[in-house]
Amino acid sequence: EAEAEARYLSGVGVARQRTAIVNGLKGAINDFEEEVEGVTAKDVMDILLLSQYMDTLSSVGANTLFLEHDPASVSNLQAQLSNNFLKKKQQSGKMFG
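These numbers were taken from a predicted model, which means no experiment stands behind them.

Time to look at the pattern of salt bridges. Counted under the stated rule, the structure contains two salt bridges. Where Glu-3 meets Arg-7, a salt bridge forms, and the shortest distance between an N and an O atom there is 2.8 Å. Of this pair, Glu-3 and Arg-7 both sit in helix α1 (residues 2–35), four residues apart, roughly one helical turn. Across the pair, exposure class does not vary: Glu-3 and Arg-7 are exposed alike. Note that Lys-42 is salt-bridged to Asp-46, the shortest N-O span being 3.0 Å. Taken together, the residues Lys-42 and Asp-46, both in helix α2 (residues 41–59) and four residues apart, mark about one turn of the helix. Residue classification places Lys-42 among the exposed positions, given a relative accessible area of 52%. The buried category is assigned to Asp-46, whose relative accessible area is 14%.

Turning our eyes to something else, we now look at α2. The terminal C-alpha atoms of α2, which comprises 19 residues, lie 26 Å apart, in line with the 27 Å expected from a rise of 1.5 Å per residue. Considered for burial, the residues of α2 that qualify are Val-44, Asp-46, Leu-50 and Leu-57. Along the axis of α2, the buried positions cluster into a sector of 160°, meaning they face one direction only. Phi turns positive, to about 100°, at Gly-61, one or two residues after α2.

Moving on, we come to the packing of α1 against α2. Direction vectors running N to C along α1 and α2 enclose 125°, while the axes themselves pass 9 Å from each other. Between α1 and α2, the angle is such that the two are oblique. Every pair of crossing elements has a handedness; the one defined by α1 and α2 is right-handed. Contacts between α1 and α2 involve Leu-25, Ile-29, Phe-32 and Glu-33 from the first element and Ala-41, Val-44, Met-45 and Leu-48 from the second. The residue makeup of the contact of α1 with α2, split by class, is seven nonpolar, no polar and one charged.

About the cut-offs
Residues numbered from 1 in each chain as written. Predicted model: local features only at pLDDT ≥ 70, side-chain atom pairs only at ≥ 80, totals over all residues. Heavy atoms only, no water. Salt bridge = Lys/Arg side-chain N within 4 Å of Asp/Glu carboxyl O. Helix = DSSP H or I, 4+ residues; strand = E, 2+ residues; numbered from the N terminus. Buried < 20%, exposed > 50% of the residue type's maximum accessible area, 1.4 Å probe, protein only. Expected span 1.5 Å × (residues − 1). Arc of directions from axis to C-beta. Axes fitted to C-alpha atoms, helices over the stretch in contact; angles between N-to-C directions. Parallel < 35°, antiparallel > 145°, perpendicular 65-115°, else oblique. Left-handed = near helix turned anticlockwise from the far one by under 90°. Contact = heavy atoms within 4.5 Å. Nonpolar A, V, L, I, M, F, W, Y, C, P; charged D, E, K, R; others polar.

Written as structure tokens, this is what we have:
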């Protein structure tokens, strides 16, 4: 009984954390769109996804990473990340939808 309650409360905590993250992202996207002319929500999400990807690599111990940094390479990396996220989203939708 106590273990079930602990798991429930942990799930509630995780859900609240994710809600706070999403609300923060919404605010950041809206602020960025207002401050930088010509930027769309997709542009901001691409930047955030790329940033999250780099943070993840860092947290798993990829301390040295050599990347091409010309605009075409960065754009290609962003496109690959976006496509992979969309594929995963579509796959999970088919599994559960």
